[in-house]
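# Examination of the molecular architecture
Each chain is listed here by its residues.
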Amino acid sequence: MSLQCASCGNVTMVDQHGDYSYRWPEELSRKPSVFRGADWRECRNCGVVLLSPSLIERIEIKRYKIAGLLTPAEVKAARTRLGLTQVQMARQLGVGDKSYTRWENGLSIQSKAIDTLIRAVILFPDVLTAVEQSRRS
Ligand SMILES: [Zn+2]
């Protein structure tokens, strides 16, 4: 069964399932990633591709991994392990709470410096308390 293509208007959009090769922006990686067992739709006429939500999510997670950054779920897991709210975590990291919330929701990507700091918190949960104490001494 074919669906209408939003790009060319022909009823030539077909469901695809299999290995999907995704090409990254040059600055991120020159090597494409292959996502096995992926679902997408492709127009047989104009070649336009529509990725399934689950494939988009897999690509996004892989993007963080390639960049060497924690995924939004990993950032959230770090915070909940500390028993902090988003606002408390933002204060501890010294960033705006809106910025912090965007990293957890995947609406923006944390810098490498912030990522390093969050990783330090994961490895050494007392590190922020120790830093705060050193500021006061
Ligand atoms: Zn088309």
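Now for a description of the structure that goes with this document. (Residues numbered from 1 in each chain as written. Predicted model: local features only at pLDDT ≥ 70, side-chain atom pairs only at ≥ 80, totals over all residues.)

Take the overall build of the protein next. Regarding its fold elements, the protein presents six helices and three strands. Its helices and strands in sequence order give the protein the pattern β-β-β-α-α-α-α-α-α, from N to C terminus. Its C-alpha radius of gyration of 20 Å places the protein more than 25% over the 14 Å reference for a compact globule of 137 residues. When its C-alpha atoms are laid out on the principal axes, the protein stretches across 70 × 30 × 25 Å. Across the 137 residues in the protein, those meeting the buried criterion constitute 12%. Here the analysis covers contacts within the protein between residues at least 6 apart in sequence; of these, 47% occur between residues at least 24 apart. (Helix = DSSP H or I, 4+ residues; strand = E, 2+ residues; numbered from the N terminus. Rg over C-alpha atoms; globule rule 2.2 N^0.38 Å. Buried ≥ 20, exposed ≤ 12 C-beta atoms within 10 Å, placed from the backbone. Contact = placed C-beta atoms within 7 Å.)

Listed in full, the ten residues of the largest apolar core are L69, L70, V75, M89, A90, L93, Y100, W103, I118 and V121. Listing elements by their share of this core, those giving two or more residues are α3 (86-93), α4 (97-105) and α5 (112-123). No other element matches the three residues that α3 contributes to this core. Beyond its immediate stretch of four places on either side in the chain, M89 contacts R79, L84 and Y100. (Core = buried A, V, L, I, M, F, W, Y, C linked by C-beta atoms within 7 Å.)

At a closest axis distance of 10 Å, the pairing of helix α2 (residues 72-82) and α5 adopts a crossing angle of 40°. Judged by the angle between their axes, α2 and α5 are oblique. You can see that α2 and α5 cross each other, and the crossing is left-handed. Between α2, through V75, A78 and L82, and α5, the contact on the second element is made entirely by I118, V121 and I122. (Axes fitted to C-alpha atoms, helices over the stretch in contact; angles between N-to-C directions. Parallel < 35°, antiparallel > 145°, perpendicular 65-115°, else oblique. Left-handed = near helix turned anticlockwise from the far one by under 90°.)

All right, on to helix α1 (residues 53-67) then. Along an α-helix, residues three or four apart share an orientation, since each turn contains 3.6 residues. In this model α1 runs 21 Å from its N-terminal to its C-terminal C-alpha over 15 residues, within 8% of the 21 Å that 1.5 Å per residue would give. Trailing α1 by a residue or two, G68 shows a phi angle of about 75°, which is positive. (Expected span 1.5 Å × (residues − 1).)

The antiparallel open sheet is built from three strands, whose spatial order is β1-β2-β3. Since the sheet does not close on itself, it has two edges, and those belong to β1 (13-22) and β3 (49-51), each with one partner. Neighbour-to-neighbour, the strand axes of this sheet turn through a mean angle of 40°, independent of strand direction. Pairing between strand β2 (residues 33-43) and β3: three bridges, direction antiparallel. Within β3, the position partnered with E42 by the bridge is V49. Its contacts with the sheet put α1 on β1, β2 and β3, and the angle it makes with β2 is roughly 140°. (Pairing = 2+ DSSP bridges.)

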